[in-house]
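Examination of the molecular architecture
Here is what each chain is made of, one letter per residue.
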Amino acid sequence: MASSSRNNTDDSEVRYFPYRITRSQSRKSSQQSSQLTPQPSDSSQLTFQPTREKRLHLSSAAIESAREKLLTFQKAREEGEEVNEEEEEGYTGSREITIKENVPLEEYLRYRENNMNTSVRMYLCDGKIKIYEVPSAPHAEVAGQIIAMMGAWNIQDFRYGTDATTTLGQGSGREPDVYVRPKHRPRPQQGAPAADRFGNAFPTMMIEVGFSQSLPDLHRTAIRYLNQQTTIQIVLAIKIFGIRTNALTNTSTIALIAALYLRTSPTPLVPTRVISFGTANPDTNTVNHIIQQMNVPPGSFVGVGRPDPNNNNNNFPPCNAANIPTYTMNIPGTELFDGVPANHLPAGFAAGFNLDLYELQVVVREALNI
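Note that the coordinates shown come from a computational prediction; the quantities given were computed from them, not determined experimentally.

Concerning the overall build of the protein
Of regular secondary structure, the protein possesses nine helices and 21 strands. Across the 370 residues of the protein, 48% fall into the buried class. In the protein, the share of contacts with a sequence separation of at least 24, taken over all contacts with a separation of at least 6, comes to 66%. Only carbon and sulfur atoms are counted for the fraction: they give 47% of the accessible area of the protein, which is about 18400 Å².

Next up, the structure:
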């Protein structure tokens, strides 16, 4: 949305703090109450200058325009309905909308501390502020369900959080949907990159849930999390596609994708495992993008609509019950506990956590009333 960027070139404001004056100057204030003027500097008086603080301002019109555009990607579609390419389920481009450029990280962090906009989700990437998601029940409840499930598995060794701005480099910062940080992971040494201005250690795991976001945008987010400026070890991306509605049968289905990235993988920027776990097969364009552009080996892409090489290439069973091995995503413990001293590692920690994706499917279906 280039037009939005052009409309915001003058959106920075300058705030002037009150002048600081001496006691001798204050005696004259009654005669000069309407205006302050600089006084000569001598031993009894102080020279004063206005203090300027540049404040980042984002146009509410630009934010609302981006929000309305993103909402179109969440709309249910009926079979046969005409839509443009960007709105189709198998769209493999970016849906992120840039609303401001050339923004220093410090200004962005200050803005986020004082303006936690709840109508959209945004982040800073190489000095550009991008809007990428509209909060919704499916988005929020999937994130919440993952926290609940992981917390039930292990609450004593981890901190689970949401929306804390994490520094990802010189000009980049983002608030993850969920982060997981071991309680005993040491803070970085002085001079080493930290997760935030408080000097906290990076989480070992980031979780991103995309509804408005395209799958390629989620993939690029995972790559940013695993850059050399962080010590994040795991990224889990969950993509919720739009509802498919059959007008003749009055039934609705949905495709869901989970992708796991590990820094310790020989190819950390390629998901180690991708699972289709919805009630509908993934779109052909989505399948091709995962295999051809994300470079996921076909054998590492399993689940609904995928051929099972161990069953004569018949499709995997449907994701219609809990505890089906195909739909269990293992989050490895070695990476989850990365950096934790040995005396704080629980017995059997390396087995990690098994996330039952069927439970997430149930949350999505209930949130979308399908």
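The discussion continues.
A closer look at the side chain of Asp157
Mapped onto the fold, Asp157 is located in the loop between helix H5 (137-153) and strand E7 (158-161). Although Asp157 lies buried, it forms no salt bridge, and the closest oppositely charged side chain, Lys183, sits 6.9 Å away as judged by the N-O distance. Setting aside chain neighbours within four positions, we find Asp157 in contact with Arg181, Pro182, Lys183, Phe337, His344 and Pro346.

A word on the sheet that holds strand E16 (residues 273-276)
Taken in spatial order, the seven strands of this open sheet run E7-E10-E11-E12-E15-E16-E17, and their pairing is mixed. On the outer flanks of this sheet lie E7 and strand E17 (301-303), each paired with one strand and no other. Going across the sheet, the axis of each strand differs from the next one's by a mean of 15°, ignoring polarity. Inspection of the sheet shows strand E12 (residues 234-240) paired to strand E15 (residues 256-262) by seven bridges, in the antiparallel sense. Counted as the bridge partner of Leu236 is Leu260 from E15.

Quick look at helix H6 (residues 215-225)
Of all the 11 residues making up H6, eight are buried; the element is thus mostly covered by neighbouring parts of the structure. Three or more residues of H6 are buried, namely Leu215, Pro216, Asp217, Leu218, His219, Thr221, Ala222 and Tyr225. Looking at the buried residues of H6, the elements they touch are strand E8 (166-169), strand E9 (172-174), strand E11 (205-210), E12, E15 and helix H7 (284-293).

So, the pairing of strand E6 (residues 128-133)
Burial of E6 is extensive: five of the six residues sit out of reach of the surface. Inspection of the sheet shows strand E4 (residues 97-100) paired to E6 by three bridges, in the antiparallel sense. Residue pairing for E6: Thr98 is matched across the bridge by Lys130. Two strands pair when backbone bridges link them, and strand E5 (residues 121-125) and E6 are joined in this way by five bridges, in the antiparallel orientation. Looking across to E6, one finds that Tyr123 is bridged to Lys130. Taken together, E5 and the strand that follows it, E6, pair antiparallel across an intervening segment of two residues, in which Asp126 is found at a positive phi of about 50°.

A closer look at the pairing of E11
A regular strand places its side chains so that they alternate between the two faces of the sheet. Counting buried positions along E11 yields six of six residues, so the element is predominantly enclosed. Residue alternation in E11 divides its side chains into two sets, Met205, Ile207 and Val209 and Met206, Glu208 and Gly210, and both sets are buried. Pairing analysis gives three bridges linking strand E10 (residues 178-182) to E11, with the strands arranged antiparallel. What sits directly across from Val178, in E11, is Ile207. Across six bridges, E11 lies against E12 in parallel orientation. Its bridge partner lying in E12, Glu208 is registered against Ala237. As a crossover connection, the stretch from E11 through H6 into E12 is right-handed.

Here we look at the packing of H5 against helix H9 (residues 357-368)
Running from N to C, H5 and H9 point in directions that differ by 150°, and their axes come no closer than 9 Å. Compared by their axis directions, H5 and H9 come out roughly antiparallel. Along this stretch, H5 crosses H9, giving a crossing that reads as right-handed. Contact with H5, carried on its side by Ala137, Pro138, Glu141, Val142, Gln145, Ile146 and Met149, involves Glu359, Leu360, Val363, Val364, Ala367 and Leu368 of H9 and no other residues of that element. Residue classes in the contact of H5 with H9 are distributed as 10 nonpolar, one polar and two charged.

Structural notes on the pattern of salt bridges
In this structure the tally under the stated criterion is 10 salt bridges. Note that Glu64 is salt-bridged to Arg67, the shortest N-O span being 3.8 Å. Taken as a pair, Glu64 and Arg67 lie in helix H3 (residues 60-71) at a separation of three residues, close to a single helical turn. Taking relative accessible area as the criterion, Glu64 reaches 36% and is therefore assigned partly exposed.

Rules behind the numbers
- Residues numbered from 1 in each chain as written.
- Predicted model: local features only at pLDDT ≥ 70, side-chain atom pairs only at ≥ 80, totals over all residues.
- Heavy atoms only, no water.
- Helix = DSSP H or I, 4+ residues; strand = E, 2+ residues; numbered from the N terminus.
- Buried < 20%, exposed > 50% of the residue type's maximum accessible area, 1.4 Å probe, protein only.
- Contact = heavy atoms within 4.5 Å.
- Areas by Shrake-Rupley, 256 points an atom, 1.4 Å probe, with all protein chains shown as cover.
- Lys, Arg positive; Asp, Glu negative; His and termini not counted.
- Salt bridge = Lys/Arg side-chain N within 4 Å of Asp/Glu carboxyl O.
- Pairing = 2+ DSSP bridges.
- Axes fitted to C-alpha atoms, helices over the stretch in contact; angles between N-to-C directions.
- Right-handed = clockwise from strand over helix to strand, strands pointing away.
- Parallel < 35°, antiparallel > 145°, perpendicular 65-115°, else oblique.
- Left-handed = near helix turned anticlockwise from the far one by under 90°.
- Nonpolar A, V, L, I, M, F, W, Y, C, P; charged D, E, K, R; others polar.

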